[in-house]
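Here is what each chain is made of, one letter per residue.
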Amino acid sequence: MPDAAGLEVIAEELRGADPSAVLGTTFDRGRAEIQIDPSKNIEVIEQLRERGFNFLASLHGVDYYPQEPRLGVVYELLDMTEVDRISLKARVSIEDPRIASVTSIWPGSDFPERECFDMFGVVFEGHPDLRRILMPEDFEGFPQRRDFPIGGEPILFTYNETDHYGKDR
Amino acid sequence: MSALGDYRKREESISYSVESAGMGETHELLSLNIGPHHPATHGVLRLIATLEGEVVRDIKPIIGYVHTGIEKTAEQKSYWKAIPVVERMDYLSYYFNAMAYCGAVETLLGLQIPPRAQYLRVIHLELNRIMSHLVWLGTSALDLGAMSMFWYCFRERETILDLFEMSSGQRMHTRYIQIGGVFEDIPPGFAAKLQKFVDGMPARADQYADLLEKNQILLSRLRDSCILDEQTLLGLNVTGPLLRAAGNPWDLRKAAPYSSYDHFDFKIPVGSVGDNYDRYRVRHAELYESTKIIDQALKGLPEGPTIADDRKVVLPPRHELATSMEALIHHFKLVTEGFRVPEGEAYYPIESPRGELGCFVRSDGSAKPARVHMRDPSFVNLQSTAPMVKDSYIADLIATLAMVDPVLGGVDR
């Protein structure tokens, strides 16, 4: 991990290229995180790649309910030469959850982005094949969102089959 | 199924060479469904393969059949109650799942782990790595026609499971690793039994090599098949033995040591070509290295407590409950509500048998995690199957799938 000062140096460099790209930095318990503008994610990632952070260790979604903007897309970048990690977080609103796909940079972000779409409903623009991946295709809703109820699925047995989908068949 | 419908449409865009492939009679493409229930997929994995004769032009993995919503379930449980659920993701490397999750929570809490607990963790993690590789080796060899390997590998695996049963009471999903350390010290007799296993294991691994590496059928099926270079693998975010087989010695145990891995002397096996044979060799060589680590950890096992001494997080010792009111209160609070974790986020990566296993935990200050996400190496590495098997025979697809070693419990979570 870069230390707190190293994180500021990186953030300043990113701000130098585009002052609106970086929204803030957090250094907490050894984890360096840069909050970025979701519309600038590709530019920021390209710059960090030039600095050596050229491996995408993980990509995941987070729901910050009740904070706004609610959804977060977190990129965990890794520099294999310096053995350094940095996290990028882009927050998108629930009304318009759009962010550019990084599949053109890392083809391996295909499945993680599909998972994030499946679980949180974040639309990755430019993704070649954005479909549900873990949930069934006809599933409605985004189950990892904090306001999605647990146990809301009707469990079908022969005795209650007629109360659910079998009713009007 | 609209997935299949979309796929049919996309078939037209698949490029294929004009040279005759397979039988060469026609160039008609055939979509073949493999799975979800097929012994060679090592789990509930479905593949739609596009074939031209016997040559694979493209495969599409369809997953999600064993998705059980573990990440969602973990959000409903207090931190310590989530350990058994996350353990059940990748069912062959349960110690690793627990380690990644506990590591992330410990980072958030700022807990210091006693040295003995770190060594005990290493012993169990490496035993688990051997166990996972043995299951991989046995089932993969079975796919390639070597029946007897399966019995030999499962014989050694049985010894490891007996050791797990001794230290934790369970053979699988042991919940041995706790937040703050390990559940209990190793019982009397464990060290002797483990030492016996460690002394015998290299000879067993030699036997496997003798059985497999002089087998012409196996060699011709693995050598020079389905090569994928290092740069493509890095672009696909692949880690673990698959990346090391292509010559990149990236291993988190060496690169960013956690849980006192820097105390041990071991090597990172790497391949040179990046074919299926190298993938096999790298994992086989890891059996020896893991044995070496266990040997050193057992011989240098420090004395001391096996769990951190923070009464706000760790259950008090059982005997104190009868004498100390404070211990009783702590015990009650921990069991009913659980402990609160300060707000924040942590990502804790470790080297699992299949690559980087990272656990992301977000805490909102309550006693339940607000988000648990596992970066499971099986899930990410599965994407590399399609580029690996492109333009090779369907028999190589089976061999490659075995060598990629995806565990579907980890893929679907």
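Residues numbered from 1 in each chain as written. Chains lettered and ligands numbered in written order. Predicted model: local features only at pLDDT ≥ 70, side-chain atom pairs only at ≥ 80, totals over all residues.

(A) Representation of the overall build of chain B in the model. The helix and strand tally for chain B stands at 17 helices and eleven strands. Computed over the C-alpha atoms, the radius of gyration of chain B is 23 Å, within 12% of the 22 Å expected from 2.2 N^0.38 for a compact globule of 413 residues. Along the first, second and third principal axes, the C-alpha set of chain B runs to 85 × 50 × 35 Å. Contacts spanning at least 24 positions in sequence make up 69% of the contacts within chain B whose residues lie at least 6 apart. (Helix = DSSP H or I, 4+ residues; strand = E, 2+ residues; numbered from the N terminus. Rg over C-alpha atoms; globule rule 2.2 N^0.38 Å. Contact = placed C-beta atoms within 7 Å.)

(B) Structural context of the overall build of chain A. Of the regular secondary structure elements, chain A holds three helices and seven strands. Ordering the α and β elements of chain A from the N terminus gives α-β-β-α-β-β-β-β-α-β. Reported as C-alpha extents along the three principal axes, the dimensions of chain A are approximately 65 × 30 × 25 Å. Counting all 169 residues of chain A, 38% fall into the buried class. Long-range contacts, defined as pairs at least 24 residues apart, comprise 47% of the intrachain contacts of chain A with a sequence gap of at least 6. (Buried ≥ 20, exposed ≤ 12 C-beta atoms within 10 Å, placed from the backbone.)

(C) Summary view of the sheet that holds strand S3 (residues 55-63) of chain A. Residues and elements named next belong to chain A. One open sheet holds the five strands; their spatial order is S1-S2-S5-S4-S3, and the pairing between them is mixed. Where the open sheet ends on each side, the last strands, each with one partner, are strand S1 (22-28) and S3. Taken pair by pair, the neighbouring strands of this sheet meet at an average axis angle of 20 degrees, ignoring direction. Pairing of strand S2 (residues 31-36) with strand S5 (residues 84-92) involves four bridges; the strand directions are parallel. Bridging from a neighbouring strand, Ile-36 pairs with Ala-90 of S5. (Pairing = 2+ DSSP bridges. Axes fitted to C-alpha atoms, helices over the stretch in contact; angles between N-to-C directions.)

(D) The nonpolar core, seen in detail. Membership of the largest hydrophobic core comes to 153 residues, with the highest contact counts inside it found for Leu-77 of chain A together with Val-86, Ala-100, Tyr-101, Ala-104 and Val-105 of chain B. Discounting residues that sit within four places of it in the chain, Ala-104 of chain B has contacts with Ala-346, Tyr-347, Tyr-348, Cys-359, Phe-360 and Val-361 of chain B. (Core = buried A, V, L, I, M, F, W, Y, C linked by C-beta atoms within 7 Å.)

(E) Here's a closer look at the sheet that holds strand S10 (residues 369-375) of chain B. All names here are of chain B. Strand order across the open sheet formed by three strands is S8-S9-S10, with antiparallel pairing between neighbours. Both edges of this open sheet fall to strand S8 (344-352) and S10, since each of them pairs with a single strand only. The sheet shows a mean angle of 15 degrees between the axes of neighbouring strands, taken without regard to direction. In terms of strand pairing, strand S9 (residues 355-363) meets S10 through six bridges, oriented antiparallel. By the bridge assignment, Cys-359 is partnered in S10 with Met-374. Packed on one face of the sheet, helix H4 (residues 94-109) meets S8, S9 and S10 and runs near 150 degrees to S8.

(F) The arrangement of the packing of helix H5 (residues 115-143) of chain B against helix H6 (residues 147-168) of chain B in detail. Residue and element names in this part refer to chain B. Following both chains from N to C, one finds H5 and H6 inclined at 160 degrees, their axes separated by 8 Å at the closest point. It follows from the interaxial angle that H5 and H6 lie roughly antiparallel. Here the hand of the crossing between H5 and H6 comes out left-handed. Facing Leu-127, Ile-130, Met-131, Leu-134, Val-135, Leu-137, Gly-138, Thr-139, Ala-141 and Leu-142 of H5, the residues of H6 in contact are Met-147, Met-149, Phe-150, Cys-153, Phe-154, Glu-156, Arg-157, Ile-160 and Leu-163. Each residue belonging to the contact of H5 with H6 can be placed in one class, and the counts come to 15 nonpolar, two polar and two charged. (Parallel < 35°, antiparallel > 145°, perpendicular 65-115°, else oblique. Left-handed = near helix turned anticlockwise from the far one by under 90°. Nonpolar A, V, L, I, M, F, W, Y, C, P; charged D, E, K, R; others polar.)

(G) The arrangement of H5 of chain B in detail. Residues and elements named next belong to chain B. Between its first and last C-alpha atoms H5 spans 42 Å; for 29 residues at 1.5 Å apiece the expected length is 42 Å, and the two agree. In terms of residue burial, H5 counts as a mostly covered element, since 24 of its 29 residues are buried. Where H5 ends, the next residue or the one after it, Gly-145, has phi of about 95 degrees, a positive value. (Expected span 1.5 Å × (residues − 1).)

(H) Fine view of the pairing of S9 of chain B. Residue and element names in this part refer to chain B. The buried fraction of S9 is high, at nine of nine residues. Alignment of S8 against S9, held across nine bridges, turns out to be antiparallel. When the bridges of S9 are listed, Glu-351 appears paired with Glu-356. Between the end of S8 and the start of S9, which pair antiparallel, lie two residues. Linking S9 to S10, which pair antiparallel, is a turn of five residues; within it Gly-365 sits at a positive phi near 90 degrees.

(I) Just the interface of chain B and chain A, in detail. Taken together, the contacts link 36 residues of chain B with 28 residues of chain A. Contributing elements (two or more residues each) for the side of chain B that touches chain A: helix H1 (2-11), helix H2 (70-75), H4, helix H9 (230-235), S8, S9, S10 and helix H14 (377-381) of chain B. Ranked by residues supplied to the side of chain B that touches chain A, first place goes to S8 of chain B with five residues.

(J) Region of interest: the environment of Cys-102 of chain B. All names here are of chain B. Of note, Cys-102 is situated in helix H4. Note: C-alpha distance between Cys-102 and Ala-82 (20 residues apart in sequence) is 9.7 Å. In contact with Cys-102, not counting residues within four places along its chain, are Ile-83, Ile-177, Gln-178 and Ile-179.

(K) Representation of helix H16 (residues 394-404) of chain B in the model. Where burial is concerned, most of H16 of chain B is hidden: nine out of the eleven residues are buried. Just past H16 of chain B, the residue Asp-405 of chain B takes up positive phi, approximately 60 degrees.

(L) Local environment of unusual backbone geometry. Each neighbour pair has its own omega, and for Tyr-65 of chain A with Pro-66 of chain A the value is 5 degrees, a cis peptide bond. Unlike most non-glycine residues, His-173 of chain B shows phi in positive territory, near 50 degrees. Position of His-173 of chain B relative to the elements: it lies in the loop between H6 and strand S6 (177-178). For His-173 of chain B, a count of 18 C-beta atoms within 10 Å corresponds to the partly exposed category.

(M) Focus on the pairing of S2 of chain A. Two strands pair when backbone bridges link them, and S1 of chain A and S2 of chain A are joined in this way by six bridges, in the antiparallel orientation. From the neighbouring strand, Val-22 of chain A faces S2 of chain A, where its bridge partner is Ile-36 of chain A.

(N) Region of the structure containing the packing of helix H7 (residues 190-213) of chain B against helix H12 (residues 276-299) of chain B. Residue and element names in this part refer to chain B. Where H7 contacts H12, the two axes come as close as 10 Å, and the packing angle between them is 160 degrees. As summarised for this structure, H7 and H12 are arranged roughly antiparallel, according to the angle between their axes. Between H7 and H12 lies a crossing of left-handed hand. Within the contact between the two elements, H7 uses Ala-191, Leu-194, Gln-195, Val-198, Met-201, Pro-202, Ala-205, Tyr-208 and Ala-209 and H12 uses His-284, Leu-287, Tyr-288, Thr-291, Ile-294, Asp-295 and Leu-298.

(O) Structural context of the environment of Arg-281 of chain B. With respect to the secondary-structure elements, Arg-281 of chain B resides in helix H12. As a C-alpha pair, Arg-281 of chain B and Gly-271 of chain B span ten residues in sequence and 7.5 Å in three-dimensional space.

(P) Fine view of the environment of Ile-48 of chain B. Residue and element names in this part refer to chain B. Within the secondary structure, Ile-48 is located in strand S4 (residues 46-52). Since 20 C-beta atoms lie within 10 Å of it, Ile-48 is described here as buried. For the pair Ile-48 and Ile-34, spaced 14 residues apart in the sequence, the C-alpha separation amounts to 6.2 Å.

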